[in-house]
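Next come the chains, spelled out residue by residue.
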Amino acid sequence: MTMKRSSGMTLGMVVLLVSGAVACSLPMGRNVEGGSTPPPQYSTVAAMLTQTAGSSPGPTIQATSGVTQGATASASATTALRPTDRTSTVTLVTASVLCDMARAGVPIDVTIPDDTRLSPGQPFVKTWRLVNAGSCTWTRGYALVWFSGDELGVRRVEPFTVEVAPGQVVDLSVEMIAPLKPGIYQSNWKLRNEKGILFGIGPGGEAPFWVRIQVVAPDTVTPSPPLPSATPTPVISVSGIVSLGAEQGIDLDSGQVVSDQEADLIFRMSSGEAMLAPVSGGLVGFFGFSEPGLNDCQSASVSAETLLLGPEMEGPYLCARTGNGLPANLKILRIDRAGPVLDVGFKVWSVP
């Protein structure tokens, strides 16, 4: 209501102003009688005012990117845009999912959490829990592979034995052996697809997952004085850990790495198979996963036959006899077939 009255008042003022202007433009001393016809210019002004007063609201102007000149620009400035005349387009952006990407499971460290303390040469099994966060199925052509850091695994590549569909959870395990020297060790691993492309966890599947351990030296214990006994205490003549390359042997009587002619046992590789062969009078035989004592190895079955070192032979104990007939025990700590390297712990007693 206020807008209508205000428009009427404004229109009236315009009429008065125009009328005054017309009156001023009449010739001096000349009257215009009510019945007479005004000049054409006066009729035109009156008609324009009458049309303006009775007209409906002005036309709707659609917004454009250009600028309109002249009278059209003036109309654009005084005419409001209606909301229905505006249109907008919303584009939805959908993030793409990578074909090969992994996500940490809960928990990711199923075994051997970070900074687990282990003894030198101690075998262990590391298991990670991962989720297939990509859009492609992990087939048996995929593999768990060593990526960087310390090589702790018995093997660098562990092929998949099952298929893992997108969204599924899988536990992946690797057999490993702690290094012989005390310290902190970290081994980084990734997954590899059928095309040989590596991927991991984190944004974009770029980050590896890892195992981190602390290798600590055994605690030193001060032995108590031996109690008197009728049975003599077994005396260890030599013990330690050695690393043997292919065709290298160990002289158990001295504990030294020696050539073929002087060795009691020699490490050999043939067609990818690792073997421990007795030479120069040495004897060897499998014992088990518990450490044998002197009496165990004195009575154990040993022979001069070559012992095949399969994957199951990492960790168990052997009994042996030196070239001089002394009993000994050995522990297979690590078999690196790629090296090739064989790490062996040993203990030799001075009692025949």
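Residues numbered from 1 in each chain as written. Predicted model: local features only at pLDDT ≥ 70, side-chain atom pairs only at ≥ 80, totals over all residues. Heavy atoms only, no water.

(A) Inspection of the nonpolar core at higher detail. Trp138, Leu191 and Ile213 are the most contacted members of the largest nonpolar core, which totals 26 residues. Secondary-structure elements contributing two or more residues to this core are β3 (123–132), β6 (169–177), β7 (183–192) and β9 (209–215). Excluding residues within four positions of it along the chain, Leu191 makes contact with Ala102, Leu130, Trp138, Ala143, Leu144, Phe160, Leu172, Ile197, Leu198, Phe199 and Phe209. Counting residues in hydrophobic clusters, the runner-up holds 24 residues, among them Leu326, Ala328, Ile332 and Val348. (Core = buried A, V, L, I, M, F, W, Y, C linked by side-chain atoms within 4.5 Å. Buried < 20%, exposed > 50% of the residue type's maximum accessible area, 1.4 Å probe, protein only. Helix = DSSP H or I, 4+ residues; strand = E, 2+ residues; numbered from the N terminus. Contact = heavy atoms within 4.5 Å.)

(B) Geometry of the sheet that holds strand β13 (residues 265–270). Spatially, the five strands line up as an open sheet ordered β12-β11-β13-β14-β16, and their pairing is antiparallel. Taken across any chain shown, the strands that pair with only one partner, and hence form the sheet edges, are β12 (256–258) and β16 (307–309). Strand after strand, the sheet turns through a mean of 30° between neighbouring axes, direction not considered. Taken together, the three bridges between strand β14 (residues 273–278) and β16 define a ladder with antiparallel strand orientation. The residue bridging Leu276 from the neighbouring strand is Leu307, located in β16. (Pairing = 2+ DSSP bridges. Axes fitted to C-alpha atoms, helices over the stretch in contact; angles between N-to-C directions.)

(C) Expanded view of the state of the cysteines. Inspection of the entire model under this criterion finds two disulfides. Two residues, Cys99 and Cys136, share a disulfide whose sulfurs are 1.9 Å apart. Looking along the S-S bond of the Cys99-Cys136 disulfide, the torsion reads about -120°, which is the left-handed sense. Residue Cys99 is located in the loop between α3 (70–78) and β1 (102–109), and its partner Cys136 is located in the loop between β3 and β4 (143–149); the two are separated by 37 residues in the primary sequence. In this model Cys297 forms its disulfide with Cys319; the gap between the sulfur atoms is 2.2 Å. On the sign convention where negative means left-handed, the S-S torsion of about -75° between Cys297 and Cys319 marks this disulfide as left-handed. Placement of the pair is Cys297 in helix α4 (residues 294–299) and Cys319 in strand β17 (residues 317–321), with a sequence separation of 22 residues. By relative accessible area, which is 1% here, Cys297 ends up buried. Assigning the bonded cysteines of the chain consecutive numbers by sequence position, one obtains the connectivity 1-2, 3-4. (Disulfide = S-S within 2.5 Å.)

(D) Fine view of the environment of Ser303. Topologically, Ser303 is positioned in the loop between α4 and β16. By relative accessible area, Ser303 is classed as partly exposed at 28%. Those residues in contact with Ser303 that lie beyond four places of it in its chain are Pro278, Leu283 and Val284. In this structure the side chain of Ser303 is engaged in a polar contact, spanning 3.3 Å, whose partner is the backbone nitrogen of Glu305. (Polar contact = N/O pair within 3.5 Å; in protein donor to acceptor, adjacent residues only side chain to side chain.)

(E) Structural context of the packing of aromatic side chains. Applying the stated criterion across every chain, the model contains six aromatic pairs. Relative to Phe199, the ring of Trp138 has its centre 6.0 Å away and its plane inclined at 50°; by these criteria the two rings are tilted. Of this pair, Trp138 sits in the loop between β3 and β4 while Phe199 sits in strand β8 (residues 198–199); the two residues are 61 residues apart in sequence, bridging distant segments of the chain. Across the pair, exposure class does not vary: Trp138 and Phe199 are buried alike. With 6.2 Å between their ring centres and 80° between their planes, Tyr142 and Phe199 make a pair best called edge-to-face. In this pair, Tyr142 is assigned in the loop between β3 and β4 and Phe199 in strand β8, connecting sequence segments 57 residues apart. An identical accessibility class is assigned to Tyr142 and Phe199; each is buried. Here the basic side chain of Lys190 rests over the ring of Phe147, its NZ or CZ set 4.4 Å away from the ring centre. (Phe/Tyr/Trp six-rings, centres within 6.5 Å; stacked < 30°, edge-to-face > 60°. Lys NZ or Arg CZ within 6 Å of the ring centre and 35° of its normal.)

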